[in-house]
Structures are given as C-alpha cells and as structure tokens.
Amino acid sequence: MRTPPACGGSGRVWNLPRVIYGDLPPLAGEVSDPPEYQTISLHEFHYLGADGQPASHRTIQDIRSLVDGLTTYRYTFDTDEVEVERVQGGIPGEPYRRLNRGEMTSMEYITRFHYSADVEPVFRRVAHRRLEKVAIRVQFDPARLPRQVWWTEWADYRDPDDRVARQHPVELDVENAVYHCVDVVDRSVIGFAWQFDPV
C-alpha cells in the first residue's frame, strides 16, 4: 500500500486551506470534560472499486495521551456494512496497554465495506475536537472515474444541516487519486465529494 506523504510534501497544490476552524455543534449528550488524548497525525486512504462504491479504507493515526492511564480509543463509523482489521497498535479487547500523560502510540487499521446499496459519493472526516496533520487521499478505480471532484467543507454531517459550506474543484493525479493535507482542523467536517457520469 502507498506510504502516507507528509503534510506539506509532494502532491498537487490547489491553494486549498491548511488550517480549518469551524463551529460544528457537539455530539448530542457530549460532556464538556477535557479530552483524554490528542490526535497529532492522521492519514486517511479511501479506495473506491470498479462500481464506484467504497471498497476499503486505511487509517494511520498517532495519538498522545493527555491523562495518566489512558486505555481506550473508540473507533466509530456511520454504517454496519463494514469489517475492521487492526494492522498494528492497540489491541481489540483484553488485555490492553495503558498510556500515561505525554506518551504516544501509533495505530493502523483497515476498514472494508460491504454496501448493498449505493452510497453518497463523498468521504468525510469529522473533527469534533482539534486534529493535527490530517491527510486525506481518495483513489478511484480506472474502470469508474469521476467527472468532477471537489475538496469540500460541510457545515455538519447530520441532517438537516449537512450542507456544503465551501467547495474547491480538484483534479485527479496520475494514480487516479486526489489528496490534501491540513495542518489543523477543529470542529469541522472536511473531505472530498465527487460526481460520476450516469451509467
């Protein structure tokens, strides 16, 4: 699999924002306790199949504990039509490693999709809290290339406020992919949206 490029590394430049602060409302019932960890690096690789549907997703995430005794990182997604494979870092279930304040760890996991119906042609990364060095790459199968792709910021990802706040058209590279890295994203929803020609 492709090695993640560093933020500010090689890649196309479209004068896209590198620091994004929004006003995304908190999760329903979210408490105001301080966070237990900070994401210091996040790389998202999203792969689409020949049918234009999401096929797999690879995540590499580095976190730093902000408390003594951190034991849990929750990975959530908006569908049950997936399976997750841990590549390295962390242990799914007992036993578990404890992180003390200031200690860091790296996690890598792959999500495979099994959608039974068409899904919205987007990849979104939600940041309810500050994330640093967030890189997003979406790669399309040569059998189904999009007519247009946009770097996109949404007001929210939940109905009824999941409207597009800002969009910038981008072009595919030689690997039929789009890529962008931001230094900081906080209380925002970012990613790519695309449109296919009708089949």
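Residues numbered from 1 in each chain as written. Predicted model: local features only at pLDDT ≥ 70, side-chain atom pairs only at ≥ 80, totals over all residues. Heavy atoms only, no water.

## Side note on the pattern of salt bridges
Now for step 1: In the structure shown here, the tally under the stated rule is nine salt bridges.
Now for step 2: In this structure, Arg130 and Glu132 form a salt bridge, with 3.1 Å as the shortest nitrogen-oxygen distance.
Now for step 3: With its nearest N and O atoms 3.3 Å apart, the salt bridge here joins Arg147 to Asp197. On the criterion of sequence distance, the pair formed by Arg147 in the loop between strand E7 (131-139) and strand E8 (148-154) and Asp197 in the segment after strand E11 (188-195) is long-range, its members being 50 residues apart.
Now for step 4: Take Asp197: its relative accessible area is 40%, and that puts it in the partly exposed class. (Salt bridge = Lys/Arg side-chain N within 4 Å of Asp/Glu carboxyl O. Helix = DSSP H or I, 4+ residues; strand = E, 2+ residues; numbered from the N terminus. Buried < 20%, exposed > 50% of the residue type's maximum accessible area, 1.4 Å probe, protein only.)

## Points about the nonpolar core
Across soluble globular proteins, nonpolar side chains show a tendency to be buried alongside one another.
Now for step 1: Ranked by internal contacts, the top residues of the largest apolar core, which has 21 residues, are Val138, Trp151, Phe192 and Trp194.
Now for step 2: Of all the secondary-structure elements, those providing two or more residues to this core are strand E2 (37-48), strand E6 (122-127), E7, E8, strand E10 (177-186) and E11.
Now for step 3: For this core, the leading source of residues is E7, giving four residues. (Core = buried A, V, L, I, M, F, W, Y, C linked by side-chain atoms within 4.5 Å.)

## Some remarks on the environment of Ser188
Now for step 1: Within the secondary structure, Ser188 sits in strand E11.
Now for step 2: When its relative accessible area of 7% is taken as the criterion, Ser188 is described as buried.
Now for step 3: Linking Ser188 and Arg125, residues 63 residues apart in sequence, is a C-alpha distance of 8.4 Å.
Now for step 4: In this structure, Ser188 is in contact with Ile20, Tyr21, Gly22, Leu24, Arg125, Val126 and Ala127, ignoring residues within four places of it in sequence.
Now for step 5: A distance of 3.0 Å separates the side chain of Ser188 from the backbone nitrogen of Gly22, its partner in a polar contact. (Contact = heavy atoms within 4.5 Å. Polar contact = N/O pair within 3.5 Å; in protein donor to acceptor, adjacent residues only side chain to side chain.)

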